Amino acid sequence: MHTYKLVIFDWDGTLMDSVDRIVYSMQASAIALSFEPPSYNQAKQIIGLSLPKAIQTLFPSADDEQVQILMAQYKHQYVEVNTTPTPLFNNALDLLTQLKQENKLLAVATGKARAGLKRVWQVSDTEHFFIASRCADECASKPDPDMINSLLNELNIKKHEAVMIGDTSFDLEMAQRAGVDSIGVTYGVHDSKVLSKFQPKAIVDSLVELQQLLTNS
């Protein structure tokens, strides 16, 4: 697996431990606007989708105006109110550093909007690792293959030369629909039973295991 030219990472739940902050911000948004708050597990299941699609999934009775209000409230909660830490997962920096040293191209395909990705890149000082990225306000939401196809076109990479790394069924289904290999990680949102439905090349329980698969070490 260390022969891939391009390694595409999901962000939330794959490189950054941000699941709790996303869930608590979504629950607080619902309460602030007098909607029935989703359970922890319900809110967790939408991580990886674009924000509009996530809101529509959690609050199917909300009309277009309410969706916009919920989106604005979520952004307010996540950025300005919630203080739940969002560290990089253990070994994330070591993995990214070694992949770069081995001349791999690294990219991000995320359910975050561009402003959100820029913000967490600045906080984690990781933007310099990535040659390209696609966000949910620029492409169709996962699991549509648009993000991956766009990255392959930009970087002139063939499908068999790329691999998608993600913690959700949305990531792995996106890869499957794009015709590229995938690797699932179990420490984020979905467990191995869910991830295995999309025929990943491997499922790992840590970034240390992922580093062993993708690098020459």
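In what follows, the accompanying structure is described. (Residues numbered from 1 in each chain as written. Predicted model: local features only at pLDDT ≥ 70, side-chain atom pairs only at ≥ 80, totals over all residues. Heavy atoms only, no water.)

Another point: the packing of aromatic side chains. Summed over the entire model, instances satisfying the criterion amount to seven aromatic pairs. Here a set of aromatic residues connected by ring pairs shows up, and it is made of Trp11, Trp121, Phe129 and Phe130. We note Arg21 situated over the ring of Tyr78; from NZ or CZ to the ring centre the distance is 4.8 Å. (Phe/Tyr/Trp six-rings, centres within 6.5 Å; stacked < 30°, edge-to-face > 60°. Lys NZ or Arg CZ within 6 Å of the ring centre and 35° of its normal.)

Attention now goes to the layout of surface pockets. The computed volume of the largest pocket comes to approximately 480 Å³. Lining the largest pocket are 26 residues, with Leu51, Tyr74, Gly111, Lys112 and Ala113 sitting closest to its centre. Of all the secondary structure elements, the ones that give two or more residues to the lining of the largest pocket are helix H1 (19–32), helix H3 (51–58), helix H4 (64–81) and helix H6 (114–124). Of the residues forming the lining of the largest pocket, the biggest block, five residues, is contributed by H4. (1 Å grid on protein atoms, 1.4 Å probe; cavity = no way out; pocket = protein on both sides within 12 Å on 5 of 7 lines; lining within 4 Å. Points joined across faces, edges and corners; volume = space filled by probe spheres on them. Helix = DSSP H or I, 4+ residues; strand = E, 2+ residues; numbered from the N terminus.)

Our focus in this paragraph is the side chain of Thr126. For Thr126, the location among the structural elements is in the loop between H6 and strand E3 (132–134). Overall, the relative accessible area of 0% leaves Thr126 in the buried class. A distance of 2.7 Å separates polar atoms of two side chains, one belonging to Thr126 and the other to Ser124. For Thr126, the contacting residues outside a window of four places in its chain are Trp11, Leu88, Leu93 and Trp121. (Buried < 20%, exposed > 50% of the residue type's maximum accessible area, 1.4 Å probe, protein only. Polar contact = N/O pair within 3.5 Å; in protein donor to acceptor, adjacent residues only side chain to side chain. Contact = heavy atoms within 4.5 Å.)

Quick look at the state of the cysteines now. Tallied over the full model, the rule gives zero disulfides. Cys139 provides the cysteine sulfur closest to Cys135, a residue in no disulfide bond, and the two sulfurs are 8.2 Å apart. Among the residues examined, Cys135 registers a relative accessible area of 0% and is labelled buried. The buried category is assigned to Cys139, whose relative accessible area is 14%. (Disulfide = S-S within 2.5 Å.)

In contact at an axis separation of 9 Å, helix H5 (residues 92–101) and helix H10 (residues 207–214) are set at 10° when each is read in the N-to-C sense. With respect to each other, H5 and H10 are oriented roughly parallel. Handedness of the H5/H10 crossing: left-handed. Two secondary-structure elements touch here, H5 through Ala92, Asp94, Leu95, Gln98 and Leu99 and H10 through Leu207, Leu210, Gln211 and Leu214. (Axes fitted to C-alpha atoms, helices over the stretch in contact; angles between N-to-C directions. Parallel < 35°, antiparallel > 145°, perpendicular 65-115°, else oblique. Left-handed = near helix turned anticlockwise from the far one by under 90°.)

What follows deals with helix H7 (residues 146–155). Among all positions of H7, only Met147, Ile148, Leu151, Leu152 and Leu155 are buried. The buried residues of H7 occupy an angular sector of 130° when the element is viewed end-on, so they sit on one face. On its buried face, H7 is in contact with strand E1 (6–9), strand E2 (105–109), E3, strand E4 (162–166) and helix H8 (169–178). Looking one or two residues past H7, Asn156 carries a phi angle of roughly 55°, positive in sign. (Arc of directions from axis to C-beta.)

Before going further, it helps to examine the pairing of E1. Alternating positions in E1 separate into two faces, Leu6 and Ile8 on one and Val7 and Phe9 on the other, with burial throughout. Alignment of E1 against E2, held across four bridges, turns out to be parallel. Opposite Leu6, over in E2, you have Leu105 as the bridge partner. Two elements, E1 and E4, share four bridges in a ladder whose sense is parallel. Looking across to E4, one finds that Leu6 is bridged to Ala162. (Pairing = 2+ DSSP bridges.)

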